[in-house]
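Chain by chain, the residues:
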Amino acid sequence: MLRFRTPALTALAMLTGTVLLTTGAAPAAAAQPFTSTVFKATHNSYSGNVDGAKGAISYQLDHGVRFIEFDVHDNGYATSHDYGIGHGSPGDLVDHAGNPASNNLRDWLAVVNTWSAAHSAAAPIVVMLDLKDDLTDNPSFAAGNLTAVNQEIRSAFGSRLLAAKDYPAGASTDSLRGKVLTLLSGDSGTRAEYRRDVGYHPAIALNGHGQVVEVHDSGAGALWYWTGTYGADGRVTWNRHGRYDSGQTPAVALDDAGRIVEVHQSQTAATLWYHTGQLGADGEITWSPSHQYDNGVLPTVAFTGTGVREIHRSQSSQQNWQWTGTLSGETVAWTGNAKTADARYDTTTAVSGSARVSVTTGADGPTPAQTLRYSTDRVTGARVQYPQIAFDEYQKGDPAELQPDALFYGAPATESAFIVAARQSGHLVRGWDFDSASLATSPPANYAATNHPWDAWYQTLTSGAAE
């Protein structure tokens with residue numbers, strides 16, 4: 001329910017010299033915008049009574065807290081297949097009393113999900129993952145990249161999850177009751193990669209089932225891939241992402257059986273190499289080892305009615321050369337090497353029936369010039385990006401590319417000017433280390449994240465908070 005300012009809160013305002021937001025008359029409460037609502041919030045929620053006085057996660061939720069923070073690390077993900085809870089490292093400042101015995105993130109998310117399932121009328125809960133490590137150097141789903149973060153969030157909350165991509169503009173607080181929203185904070189490079197990817201020489205393949213494979217190089221010697229699905233709306237949902245080799249100027253072909261042939265040039269020499277691969281139902285690619293098949297530059301490849309054909313340019317002239325091949329298991333038997341007057345295949349556009357997908361690079365507002373973009377027969381200039389399951393926080397001092405479309409803003413509680421300006425511009429704002437009544441602003445932070453939620457001053461300050 002929504003509660004409103006009490007005489008005690010008025011007294012606190014007079015004591016601190018702060019004008020506090022009045023939520024309005026009761027009849028309008030049901031339509032109160034989510035962005036105008038104040039909620040109780042804790043800082044480093046997992047630390048319970050080890051750092052501050054918060055109690056267990058379930059205790060916090062029972063007593064009205066609707067913003068939970070978990071600091072997470074990717075140390076050992078490849079072994080544990082999960083992220084670790086803790087401040088400086090997994091287990092650091094973690095209070096296990098009344099909480100999970102492990103430091104595994106999924107166990108702590110399960111506590112929130114269980115509570116939410118039992119309190120379907122509760123105000124929306126925001127679960128913030130403060131990324132203490134850089135996840136951009138994790139080369140695959142198995143190593144704990146952002147695809148793994150998305151999957152863990154989906155698995156934890158199921159139908160209670162409100163994905164960022166599904167957030168209804170202008171939502172009221174009551175319309176979101178029973179929902180869980182997840183928020184990424186912490187490492188800014190990881191938060192930026194969640195919203196876009198960058199690369200050079202992107203190439204694309206599309207088969208008759210709407211499966212998509214994109215490959216590109218990093219500009220510094222790494223080869224990366226994305227897989228996706230062409231949807232009924234003409235958009236591509238990007239499923240998996242990972243590093244598969246070293247090199248440059250890759251190209252890729254994909255058949256209806258999910259078989260892949262990829263070709264690229266060495267980063268350091270005019271040698272040509274190929275991989276085969278198999279696209280799985282989960283969007284993951286099982287890659288074979290790479291094999292050199294020739295010398296040259298700018299290789300291209302396509303499936304034909306009888307096998308595979310590759311066309312590249314000579315490393316010493318403008319002459320194009322070709323190979324034909326037969327894919328068998330994990331290798332291609334290449335034959336028919338000869339000069340050709342045919343042009344190299346277009347690596348940037350793939351067509352299957354009426355569906356078309358193309359890839360390019362280009363800035364999207366303040367994003368880098370090498371931002372990977374895609375277009376289809378019905379969509380123009382969309383980003384190649386992870387499905388936007390979590391919200392991405394914009395913090396004071398962040399790169400400009402993290403600000404557009406950000407719903408959640410954050411800053412230390414001492415940054416009152418930033419908090420006030422963000423609230424006035426219609427954002428949901430978190431102020432962390434909110435441990436004194438003197439830090440109150442007008443309008444107040446939506447989430448005054450404190451280490452002492454049961455102190456009388458904080459209870460008075462948030463007496464009108466939505467529960």
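Rules used in this analysis
- Residues numbered from 1 in each chain as written.
- Predicted model: local features only at pLDDT ≥ 70, side-chain atom pairs only at ≥ 80, totals over all residues.
- Heavy atoms only, no water.
- Domains from an automatic or database assignment.
- Contact = heavy atoms within 4.5 Å.
- Buried area = accessible area lost by both parts, 1.4 Å probe.
- Salt bridge = Lys/Arg side-chain N within 4 Å of Asp/Glu carboxyl O.
- Polar contact = N/O pair within 3.5 Å; in protein donor to acceptor, adjacent residues only side chain to side chain.
- pLDDT = per-residue confidence, 0-100.
- Helix = DSSP H or I, 4+ residues; strand = E, 2+ residues; numbered from the N terminus.
- Core = buried A, V, L, I, M, F, W, Y, C linked by side-chain atoms within 4.5 Å.
- Buried < 20%, exposed > 50% of the residue type's maximum accessible area, 1.4 Å probe, protein only.
- Phe/Tyr/Trp six-rings, centres within 6.5 Å; stacked < 30°, edge-to-face > 60°.
- Pairing = 2+ DSSP bridges.
- Axes fitted to C-alpha atoms, helices over the stretch in contact; angles between N-to-C directions.

Enquirer: Tell me about the domain arrangement of the protein, and name the residues and values.
Expert: Partitioning the protein into domains gives domain 1 (34-193 + 388-462) and domain 2 (197-383). The C-alpha centroid of domain 2 is placed 38 Å from the C-alpha centroid of domain 1. With 11 residues of domain 1 at the contact, the number on the domain 2 side is 11 residues. Summing the contributions of domain 1 and of domain 2, the shared interface buries around 800 Å²; its carbon and sulfur component is 52%. Three residues stand out in domain 1 for area buried against domain 2, namely Pro139, Thr147 and Glu401, and they jointly supply 49% of the buried area on that side. The tally of links from domain 1 across to domain 2 stands at zero salt bridges. For the pair domain 1 and domain 2, the number of links is two residue pairs in polar contact (both at pLDDT 80 or more).

Enquirer: Tell me about the confidence of the model for the protein, and name the residues and values.
Expert: Here the protein shows a mean pLDDT of 93. Residues at 70 or above account for 94%. Here helix α1 (residues 7-16) is the element of the protein with the lowest mean pLDDT, 34, and strand β4 (residues 125-131) is the one with the highest, 99. Contacts from residues 1-29, a stretch scored under 50 in pLDDT, to residues over four places away or in other chains number 51 contacts.

Enquirer: An account of the nonpolar core is requested, with residue identities and associated values reported.
Expert: One broad trend across soluble globular proteins is that nonpolar side chains are buried collectively. Phe70, Val127, Leu129 and Phe157 are the most contacted members of the largest nonpolar core, which has 53 residues in total. In terms of residue count, helix α5 (residues 146-157) provides more of this core than any other element does, six residues in total. Once residues lying within four places of it in the same chain are set aside, the contact partners of phenylalanine 70 are Tyr46, Ile57, Ile85, Leu105, Trp108, Leu109, Val112, Val127, Met128, Leu129 and Asp130.

Enquirer: Account for the packing of aromatic side chains, with residues named and values stated.
Expert: Within the structure shown, the criterion is met by 25 aromatic pairs. Consider the rings of tyrosine 194 and tyrosine 386, whose centres lie 6.2 Å apart with planes at 10°: the pair is stacked. In this pair, tyrosine 194 sits in helix α6 (residues 188-195) while tyrosine 386 sits in the loop between β22 (382-383) and β23 (391-392), placing the two residues 192 residues apart along the sequence. One exposure class covers both tyrosine 194 and tyrosine 386, and it is buried.

Enquirer: Describe in detail the sheet that holds strand β26 (residues 428-432), supporting the description with residues and values.
Expert: Taking strand neighbours across the sheet as the criterion, the five strands line up as β1-β27-β26-β25-β24 in an open arrangement whose pairing is parallel. Here the strands that pair on one side only, and so sit at the sheet edges, are β1 (39-42) and β24 (394-395). Two strands pair when backbone bridges link them, and β24 and strand β25 (residues 408-412) are joined in this way by two bridges, in the parallel orientation. Bridged to glutamine 395 within β25 is glycine 410. Contacts between helix α7 (residues 416-424) and the sheet are confined to β24, β25 and β26, with β25 contributing the most and set at about 165° to the helix.

Enquirer: Before we move on, can you summarise the pairing of strand β7 (residues 211-217) with the specific residues and values?
Expert: Put simply, side chains in a regular strand alternate between the two faces of the sheet. Burial analysis of β7 places six of its seven residues in the buried class, the great majority of the element. Pairing of strand β6 (residues 200-206) with β7, which is carried by five bridges, proceeds in the antiparallel orientation. Within β7, the residue paired with tyrosine 200 across the bridge is aspartate 217. In this structure, the hairpin formed by β6 and β7 is closed by a connection of four residues, where glycine 210 is found at a positive phi of approximately 80°. Inspection of the sheet shows β7 paired to strand β8 (residues 222-230) by seven bridges, in the antiparallel sense. Bridged to valine 215 within β8 is tyrosine 225. With antiparallel pairing between neighbouring strands as the criterion, β7 and β8 make up a hairpin whose turn holds four residues, including glycine 219 at a positive phi of roughly 85°.

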